[in-house]
Amino acid sequence: KMSISLDKEAFFRRLQKLYSTWEAATDAPLEKCDAVVVSMGTDEDVVYSKTTALQTWLCGYELTDTVMVFCKQTITVLSSKKKIQFLKDAVSGRTEENANGLPNVELMLRDKENNEENFVKLIQTIKESKNGNVIGQFHKDKFSTKFIDSWKEALGKAEFESVDISAPLAVLMAPKDESEIAMMKRAAGVTLEIYSKVFKENVKDVIDADRKVKHSKMSELIEKALEDKTHLKGTDPTLVETCYPPIIQSGGTYNLKFSVVSDKNTLHFGCIICMFGVRYRSYCSNVVRTLMVNPSDEMQSNYTFLVELEELMFEKLKPGVRLCDVYSSVLSKVRSAKPQLVSKLTRSFGFAMGIEFREGALLINGKNQVKAEKGMVFNINIGFENLVNPDGEKSADKNYALYVGDMVLVNDEPPASLITRDKKKARNISIFLKDESEEESEEEEDSANVLLGRGARSALVKEKTRQEISAEVKRQNHQRELRMDLNKLAKERIMHNSGSVESSKVKKSNVSYKSRSLLPVKEPDIYDLKIFIDKKYETIVLPLFGIPTPFHISTIKNISMSTEGDYSYLRINFFCPGSTIVKENTRFPSTDDAMFIKELTYRALANRVPGRSEPPAANLQLSFRLIKELQKKFKTREDEEREKEIKFKFLTLNFSFNNLTLKKGNCKYIQAFINGEYLYKFTNIIDATHEGFRYTSVRGDKVDILYNNIRHAIFQPCDHEMIIVLHFHLKNAMMFGKKRQIDVQFYTEVGEMTTDLGKMQHMRDRDDLYAEQAERELRHKLNTMFKNFVDKAETISRGEIEFDSPFRELSYFGVPFRSTCLLQPTSAALINIVEWPPFIATLDEIELVHFERVQFHLKSCDMVIVFKDYKKKVETINSIPMQSLEAIREWLNSCDIHYTEGIQSLNWGKILKTILDDPEAFFEQGGWSFLEPQSDGEGDDSDESESDFNPQSSEGGSDEEGSEDSDEDYSSDDEGESDAYEGSLGSDEESGKDWDELEEEARFPADENKNNHEEQQPEPRKRKRDHSSHRKSAK
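Worth saying up front: this structure is predicted, and the values here are computed from it rather than measured. (Residues numbered from 1 in each chain as written. Predicted model: local features only at pLDDT ≥ 70, side-chain atom pairs only at ≥ 80, totals over all residues. Heavy atoms only, no water.)

K.L.:
Sorry, what's going on with helix 1 (residues 8–24) here?
P.N.:
Taking 1.5 Å of rise per residue, 17 residues should cover 24 Å, and helix 1 covers 24 Å from first to last C-alpha, within 8% of that figure. Those residues of helix 1 that sit buried are Lys8, Ala10, Phe11, Phe12, Arg14, Leu15, Leu18, Tyr19 and Trp22. (Helix = DSSP H or I, 4+ residues; strand = E, 2+ residues; numbered from the N terminus. Expected span 1.5 Å × (residues − 1). Buried < 20%, exposed > 50% of the residue type's maximum accessible area, 1.4 Å probe, protein only.)

K.L.:
Sorry if this is basic, but what is going on with helix 8 (residues 178–209) here?
P.N.:
Its 32 residues place the ends of helix 8 45 Å apart at the C-alpha level, agreeing with the 46 Å of an ideal helix rising 1.5 Å per residue. At Tyr195, helix 8 shows its largest kink, close to 30°. By the criterion of burial, helix 8 is predominantly enclosed, with 25 of the 32 residues buried. (Bend = angle between axes of the 7 residues up to and from the residue.)

K.L.:
Please clarify how the pairing of strand 9 (residues 271–276) should be interpreted in this entry.
P.N.:
Side chains on a regular strand alternate between the two faces of the sheet. Counted residue by residue, strand 9 has 6 buried out of 6 residues, so it is predominantly covered. Across the two faces of strand 9 the burial is the same, with Cys271, Ile273 and Met275 and Ile272, Cys274 and Phe276 all buried. Pairing analysis gives 3 bridges linking strand 8 (residues 247–249) to strand 9, with the strands arranged antiparallel. Looking at strand 9, one finds that Ile247 is bridged to Met275. Pairing of strand 9 with strand 11 (residues 287–293) involves 6 bridges; the strand directions are antiparallel. Residue pairing in the sheet places Phe276 in a bridge with Val287 of strand 11. (Pairing = 2+ DSSP bridges.)

K.L.:
Sorry if this is basic, but what is going on with the sheet that holds strand 39 (residues 860–867) here?
P.N.:
Each strand in a sheet pairs with its neighbour through backbone hydrogen bonds, running either in the same direction (parallel) or in the opposite one (antiparallel). Overall, mixed pairing links the 4 strands, which are arranged 40-39-38-41 in an open sheet. The outermost strands of the open sheet, each flanked by one partner alone, are strand 40 (875–881) and strand 41 (898–901). The average angle at which neighbouring strand axes cross in this sheet is 20°, direction not considered. On top of the sheet, helix 19 (residues 885–894) reaches strand 38 (846–852), strand 39, strand 40 and strand 41; it is set at about 165° to strand 38, its chief contact. (Axes fitted to C-alpha atoms, helices over the stretch in contact; angles between N-to-C directions. Contact = heavy atoms within 4.5 Å.)

K.L.:
I would appreciate a short explanation of the nonpolar core in the present structure.
P.N.:
Grouped burial of nonpolar side chains is what soluble globular proteins tend to show. In this structure, Phe70, Phe199 and Phe378 are the most contacted members of the largest nonpolar core, which totals 131 residues. Here this core gets 13 residues from one element, more than from any other, and that element is helix 8. Shared between two domains, this core takes at least three residues from each, and those domains are domain 1 (8–173) and domain 2 (178–433). Leaving out residues up to four positions away in the same chain, Phe378 has contacts with Leu317, Leu323, Phe351, Ala352, Leu362, Ile364, Ala372, Asp406, Met407, Val408 and Val410. Of all hydrophobic cores here, the second largest spans 25 residues; its members include Ile705, Phe746, Ala793 and Ile801. (Core = buried A, V, L, I, M, F, W, Y, C linked by side-chain atoms within 4.5 Å. Domains from an automatic or database assignment.)

K.L.:
Explain empty space enclosed by the protein to me, please; I cannot follow it from the model alone.
P.N.:
A probe as big as a water molecule, rolled over the atoms, marks out the empty space that is left. Within the structure shown, the criterion is met by 4 cavities of 30 Å³ or more. There is about 60 Å³ of room inside the largest cavity. Lining of the largest cavity is provided by Ala53, Trp57, Met173, Ala174, Lys176, Glu180, Tyr283, Gly354, Ile355, Glu356 and Glu359. Partitioning the lining of the largest cavity into residue classes produces 6 nonpolar, 1 polar and 4 charged. Counting residues domain by domain, the lining of the largest cavity receives three or more from each of domain 1 (8–173) and domain 2 (178–433). (1 Å grid on protein atoms, 1.4 Å probe; cavity = no way out; pocket = protein on both sides within 12 Å on 5 of 7 lines; lining within 4 Å. Points joined across faces, edges and corners; volume = space filled by probe spheres on them. Nonpolar A, V, L, I, M, F, W, Y, C, P; charged D, E, K, R; others polar.)

K.L.:
Explanation requested: the side chain of Thr74 in the structure shown.
P.N.:
Tracing the backbone through its elements, the reader meets Thr74 in strand 3 (residues 74–79). A polar atom in the side chain of Thr74 sits 3.3 Å from the backbone oxygen of Asn104. (Polar contact = N/O pair within 3.5 Å; in protein donor to acceptor, adjacent residues only side chain to side chain.)

K.L.:
Looking at this structure, how should I read the confidence of the model for the chain?
P.N.:
Residues shown with low pLDDT carry predicted positions that ought not to be read at fine detail. Averaged over every residue, the pLDDT of the chain is 79; residues scoring 70 or more account for 76%. Across residues 436–468, where pLDDT falls below 50, the model places 64 contacts with residues more than four positions away in sequence or in other chains. Low pLDDT, under 50, characterises residues 1005–1035; the predicted model gives this stretch 28 contacts beyond four residues in sequence or across chains. (pLDDT = per-residue confidence, 0-100.)

K.L.:
Can you help me understand the packing of helix 5 (residues 116–127) against helix 6 (residues 146–157) in this one?
P.N.:
For any two helices packed against each other, the geometry comes down to the angle between their axes and how far apart the axes lie. Put simply, helix 5 and helix 6 touch, their axes get as near as 10 Å, and they point 45° apart. By the angle between their axes, helix 5 is oblique relative to helix 6. The handedness of the crossing between helix 5 and helix 6 is right-handed. When helix 5 is examined against helix 6, the residues Phe119, Leu122, Ile123 and Ile126 are found in contact with a partner set consisting of Phe147, Ser150, Trp151, Ala154 and Leu155. Across the contact of helix 5 with helix 6, the residue classes tally to 8 nonpolar, 1 polar and no charged. (Parallel < 35°, antiparallel > 145°, perpendicular 65-115°, else oblique. Left-handed = near helix turned anticlockwise from the far one by under 90°.)

As structure tokens, this is what we get:
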């Protein structure tokens, strides 16, 4: 059974575009065509072809040994059984909406041996289309198989006139829709990740270690990086491949074309050019970068000018502009600014790309009259060749080339959007190497020299022998840069937010009584000056100085009841300005004469008094209970109102005929966790539509999740787990009944969650072996089923949703809530979705990570996650094993997240409140630098701690005298201790006592200890010194 399916909506939408363009064509060759014939064979040497591109564009997949004939009245496809089964949705899924005006699709099953009858039908169909004389084909595509050769022979006998339609169809497929743009952006993301984390890092290591590496070896290293999931940003490795073998050039020999191959010459430390691109689901991406080692001023000037030319092209690329005009504008700037470089320019400045890496009909050169359109993606590549460096001594240093390339998307308004965002200015790609003499003379200028965008680096020692920098030093350098950027960016962000108008709705202050007449003065408790609870107006009337004073229940922070001696006390705490805990968005009166009460305490006798049936404190106890009930009722009503305000407005999902379904037989569950209870847990199906997911229970309940409300979509296979999970972390909370939920999870149990250990079973019990085999097969089946569903959902959503999977090799244990669980990073978050409640921390929202209790003698530490939104409570992960700390540091460093360490636990609530109260003062005093370990002060701290126990320093002696006395005390006490220790051990003869003798001596240990203590008791001053020396020795 095929695991792929046709995206019917995209198929009919693009087919409609094809026929509309064909109908509207006024120029040859498309206008001249009576039919379009596309035949696809198999050829492993052919990577890009118009036939492959058209099939992928329409169907999403390549269909080998298939003939497709597009006529005016019908569309006929001749192919094998499996491909016909795949295309059956093109017939069954046809409706008036998606196929308005399109001809019918007819599917023909080809024979394995003889297809003469099928060929006759196809040729007759062509003859009946329009004039039946001219067919459009892709002349450059030369596929050869037994089936395709026989079809070409039959087509040749019919003597049709053939015209090449490659150019018009290339222009037709060039504007990309949203799903295509999303796939190209994902491919570009992987390309940049591998370029920056693999190529740049390896070049840096090679230069630092002065190693000799061949261009071809470096190219192979980049290709192998596609097999490492850590560089794929959560992308399925089976869907990713290189557009072409990576091209590395250096050493004075340059050929700025994508058809060349990396040679076996050694990497030269001069101008290093890298060309690299990744394909994702057949959609291409590309990036071109130049790294310069010790560049001269002229080289940097030329490179800066080259980047300016590229940015000029971004400005000129807009809908309706001819590509030759874009070329001419760049050429004009070079002639006016640096005419000597005109002859050094590359012949063309880029091309459109998509399923094909290079669209020949959409080159940016001086002759192409085709106009750019919205949605086109261009691969801008511009460079200078055969440049001469007058400062170069060797031929490899004299000749150099500069080349930059990026992907851009044409928008309605200029400039074009840059897809491959990366630092490429001269200071970011320049590597400066200095020997010891240069380092001494230019020590103050080191900060101006940037190595690969990561600060100045002095990598050379005398005679140009380089020292290889350890991974720890690299990580520390990177963390230092992150720390500098952290305070700067945080200050800009928080100051910008404080200056803007608050978008959050300020809560209206509650009023007990709008007029004095509403106060129930006739109530006996008020008349007797007792505490009265008015449930109607949610008000507490308290007697103050003989006056009944109303307080709304919202002003009360907490109450407590206690009994001390003969009296009972009722303590009431109020919210007021300046309190540590204040309700969010609470507004207090701003008048100058306003007074606030922070606390009230009422006292009454707890014992009975003569003549009264109840003790006087009974009223306090009753008031305490009623206030608690009123607080609970008010809080419940307030929460319900807040939930209604925050409730996300869901649209109704419009189910089309091609929705995807996980079937009922898969025991599919949904669960949400609210107030410690599982809200839903029932069996049925989950569907994926073009707008979102819908879960339907057996009783008819429906749960709708829109794609645009999903922050994280996570797929966790059942490898090493007892459940397989689809988890959705939402942007806005959705309603389950009357409760809001931010996390929704669909899962299936793989095996038994519990095992009966009481059963007596043999290790080779045949039933157990069968059960284990069945469980392995079930795991494989579920993984395949869920993976297919995820892939189809990504395709149907047209790039709106991308599922992420955790990296188990980077996982570690911790306690984010109450129990230990396995925390696993993904490309966008740190998660645990197996234990409930789930833990999800979005990496983009993290400001920094601080490790607490990091000490060598401890087995675990704590990890505190501080978010960029300082109003948000920090997340704490407790009890992380110390052996996992190094891997976590490396992972955080790779994610560009700054981390710090300390030995103490901090009060983060007060820290964040201090920042929010006066952010400007916080960052002026160093910002987050207070978390950095002060290595210089460690010795001072130890000295101070010792002096605390020094008796001489407390009596006013100098530090020197105190230290001398301390040394004397230490030595004398040490001698006493050694004597006592030897005495306790006894002689060699005593050390050999048997058990009977030892038991006899142990009968009266307390009396012996007491006598020893009285005999050896020192003077008070001496005892204090002994105490001090004990503290020191403990250290």
